[in-house]
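# Reading the structure
Each chain, written out:
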Amino acid sequence: MRLAEEMKKRLFDPTRLRAIFAIVVFVVLWELGSRSKDWFGYAAPWISVIPAPDAVIVVWWGLLGDAGYWQSGYLSLLRVLSGFGAALLIGVPLGLLMALSRNFYGIVFPTFEVLRPIPPLAWVPAAIIFWPTQELSIAFITFLGAFYTIVINTVDGAKSIDPRYFEAARAMGSSGWDVFRRIILPGTLPSITLGAAVGMGIVWEVVVAAEMISGGGSSMGGAGASGAGGGLGFFIWNSYTGGSYEQIVVGMLSIGIAGYLSSGGLRMLGEWITPWLRVR
Amino acid sequence: MSATPLHKKVATRGHLKIQDAHKVYDPEGAAVLAVDNCSLEIQPGEICMIVGPSGCGKTTLLNAIAGFHSLTSGTIHLDGEMLCGPGKPKAEPGADRIVVFQNGALFPWKTNLENVAFGPIMQGTMSPQEAREKARAIMADAGLSGMENNYPGEISSGVRRRVEIVRALMNDPKVLLLDEPYRALDSLTKSVMHEALLEIYYRNQVTIFFITHDLEEAIFLGHRVVIMTTRPCKPKKILTVDIPHPRDYSVLTSPRFRELMDETMEAVHEEAVKAFAAGEREG
């Protein structure tokens, strides 16, 4: 009973209704624009060449039973998670070290700052040469997408912890390790979460581009009707060369949804590990 | 007012002795004398109020006692033990001297209970279980029941300050160092805080070194009020507040309180004018 009421309240929440309304309007305008030549005898610029939503949905429905489509999504997700995970595992400790040791910071930061402005995609040729497999090249480029943001946010977060917390903790008898574990780590957590969320967004942009440029990675290249094995980036590219414009849009929307879900999941995880920020 | 003291115990520790404290800040060669030849003795269990203009060097003195900063010369003893002095310019921070900061330093990522229980767990004097039980009890004593599982961000700044004082007391300190803890509070909340602090004090009899701007606050709370000169900082006038403890807010309207206010007002005003003229930022 109460669950039903709660569901009803959530479903008819004004903010949610506005969001749903906006999506509906977007799809309707898209449909009208795409079909403008058939329906009104006037081809709306740009949008009339894009497949209409209903056509996209028909193609999408067909692809739902296609193992290659799922395989593409799975591969991209795997690359995103491995690159992102490596960025977290390396970036957070590196950022903390840079924040805590002035000497380490002095040694590492200049190099870091020169490498940072290089866009991950500029690394593609070098990565293909350096790494033994295509798969590793793509994972490396994905890693770069999240790495810098995570490091920078960790450094800033740890450095901006109020020094009074250290003084209070020391006065109350905390050891150096206690200060690290109970002050620095939780004090940096909000910034790490923020850096990770931004990084997750970049990672999806980067993985798709890397897949397109490097020809879809190691497994099977462009084999299969839907470009199975290449990831969503290659899926889109393959659809383009194969002339299926609907499939291009399916690939794009799939990335949008995957990015939305992974960012949302990350945000929930972030809120869960920083419960004290939820209360404000 | 009742003459029978509420004091549960008589303080035997927390004797703070500052001798010839001297502090020169030297940023880029411009030697700034912050504390000059400052001597002050505070008895066990005394509430000693330090009044002076902003930037006069009071906090420098507090930081030297707490062990956050060094002294250029001079000695500070706590119960006969030298905290800092010749050959040891900077005291070690320790749980016998706990600071309650101006803007508060409760850890935002810990619940109020975890904050209060923090000290004894760190020092290893209690198991986490014991510390939490003790924290619960001491919070209840201070009227903070029901807020144990809230985060500091969820409670008002007045209540936060109370939690912080309770957290300090959990360490069983000899001296409580308060640096304008009620500065940001409105006057109504302040008056509630003052009575709450006295109540906690009557129960614990800890020595209190209390920095403030607020003369009324100083006279209401203190056994003595030390008026500091503006930079360099040293005692200009020491006033003994002969209104007996325990006090409550009715004291504020008593003739004796007014007399004491008048007596100190002039000295404080003089220093404030000097500080203003010296270009010290007020506020």
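Predicted model, so just to flag it, every value in this text is computed and none were measured.

### Describing the overall build of chain B
Regarding its fold elements, chain B presents 7 helices and 10 strands. Scaling as 2.2 N^0.38, a compact globule of 283 residues should have a C-alpha radius of gyration of about 19 Å, and chain B matches this with 19 Å. Here the C-alpha coordinates of chain B stretch approximately 50 × 50 × 35 Å along the principal axes. Buried residues in chain B amount to 44% of all 283 residues.

### Observations concerning the domain arrangement of chain A
All names here are of chain A. Splitting chain A by domain gives domain 1 (1-50) and domain 2 (51-278). Taking only C-alpha atoms into account, the centre of domain 1 sits 30 Å from that of domain 2. On the side of domain 2, 4 residues touch domain 1, which itself brings 6 residues to the contact. For the side of domain 1 that touches domain 2, a count of residues per class yields 3 nonpolar, 1 polar and 2 charged.

### Quick notes on the sheet that holds strand 1 (residues 16-25) of chain B
Residue and element names in this part refer to chain B. Taken together, 4 strands build an open sheet; the order of strands is 2-1-4-5 and the sheet is antiparallel. Each having just a single partner strand, strand 2 (32-42) and strand 5 (81-84) make up the two edges of the open sheet. Averaged over all pairs of adjacent strands, the angle between their axes in this sheet comes to 25°, without regard to strand direction. Summarising the sheet, strand 4 (residues 73-78) and strand 5 pair through 3 bridges and their orientation is antiparallel. Each residue of the ladder has a partner; that of Ile76, found in strand 5, is Cys84.

### Topic: helix 10 (residues 176-213) of chain A
With 38 residues, helix 10 of chain A ought to run about 56 Å at 1.5 Å a step, yet its terminal C-alpha atoms sit only 48 Å apart, falling short of that. The sharpest bend along helix 10 of chain A reaches about 40° and sits at Leu189 of chain A, with the proline Pro190 of chain A one to four residues further on.

### Focus on the interface of chain A and chain B
On the chain B side, the residues contacting the 16 residues of chain A number 21 residues. Contributing elements (two or more residues each) for the side of chain A that touches chain B: helix 9 (163-171) and helix 10 of chain A. Per-element accounting of the side of chain A that touches chain B gives the leading share, 6 residues, to helix 9 of chain A. Among the residues forming the side of chain A that touches chain B, the class breakdown is 8 nonpolar, 3 polar and 5 charged.

### Quick word on the packing of helix 5 (residues 67-100) of chain A against helix 10 of chain A
All names here are of chain A. It is at 9 Å that the axes of helix 5 and helix 10 come closest, and there the two elements cross at 140°. With respect to helix 10, the axis of helix 5 lies oblique. In this structure, helix 5 meets helix 10 at a crossing whose hand is right-handed. Along the contact surface, helix 5 presents Ser76, Arg79, Val80, Gly83, Phe84, Ala87, Leu88, Val92 and Leu96, while helix 10 presents Thr188, Ile192, Ala196, Gly199, Met200, Val203, Trp204, Val207 and Glu211. Partitioned by chemical class, the residues of the contact of helix 5 with helix 10 number 12 nonpolar, 4 polar and 2 charged.

### Description of the sheet that holds strand 7 (residues 175-179) of chain B
Residues and elements named next belong to chain B. The mixed open sheet is built from 6 strands, whose spatial order is 6-7-8-3-9-10. With partners counted over all chains shown, the strands left at the sheet margins are strand 6 (97-100) and strand 10 (235-240), one partner each. In this sheet, neighbouring strand axes are inclined to one another by 20° on average, regardless of whether the strands run parallel or antiparallel. Where strand 6 lies against strand 7, 4 bridges are found, and the strand directions are parallel. Bridging across to strand 7, Ile98 finds its partner in Leu176.

### Brief notes about the environment of Ala171 of chain A
Residue and element names in this part refer to chain A. Within the element layout of this structure, Ala171 appears in helix 9. In this structure Ala171 comes out as buried when scored by C-beta crowding, with 26 C-beta atoms within 10 Å. Taking C-alpha positions, Ala171 is 64 Å from Trp61, a pair spaced 110 residues apart along the chain.

### Brief notes about the confidence of the model for chain B
Residues and elements named next belong to chain B. Counting all residues, the mean pLDDT for chain B is 85, and 94% of those residues have values of 70 or more. Averaged over each element, pLDDT in chain B is lowest for helix 7 (residues 255-277) (83) and highest for helix 2 (residues 112-123) (94). Contacts of residues 1-8 to residues separated by more than four positions or lying in other chains number 9 contacts, the stretch itself having pLDDT below 50. On the interface metric, ipTM, the complex scores 0.81, and its pTM is 0.80.

### Brief notes about unusual backbone geometry
Residues and elements named next belong to chain B. Residue Pro246 is bonded to the preceding His245 through a cis peptide linkage, with omega at -5°. Within the secondary structure layout, Pro246 lies in the loop between strand 10 and helix 7. The backbone of Gln205 shows a phi angle near 50°, a positive value even though the residue is not glycine. By the element assignment, Gln205 lies in the loop between helix 5 (187-204) and strand 8 (207-212).

Calculation rules
- Residues numbered from 1 in each chain as written.
- Chains lettered and ligands numbered in written order.
- Predicted model: local features only at pLDDT ≥ 70, side-chain atom pairs only at ≥ 80, totals over all residues.
- Helix = DSSP H or I, 4+ residues; strand = E, 2+ residues; numbered from the N terminus.
- Rg over C-alpha atoms; globule rule 2.2 N^0.38 Å.
- Buried ≥ 20, exposed ≤ 12 C-beta atoms within 10 Å, placed from the backbone.
- Domains from an automatic or database assignment.
- Contact = placed C-beta atoms within 7 Å.
- Nonpolar A, V, L, I, M, F, W, Y, C, P; charged D, E, K, R; others polar.
- Pairing = 2+ DSSP bridges.
- Axes fitted to C-alpha atoms, helices over the stretch in contact; angles between N-to-C directions.
- Expected span 1.5 Å × (residues − 1).
- Bend = angle between axes of the 7 residues up to and from the residue.
- Parallel < 35°, antiparallel > 145°, perpendicular 65-115°, else oblique.
- Left-handed = near helix turned anticlockwise from the far one by under 90°.
- pLDDT = per-residue confidence, 0-100.

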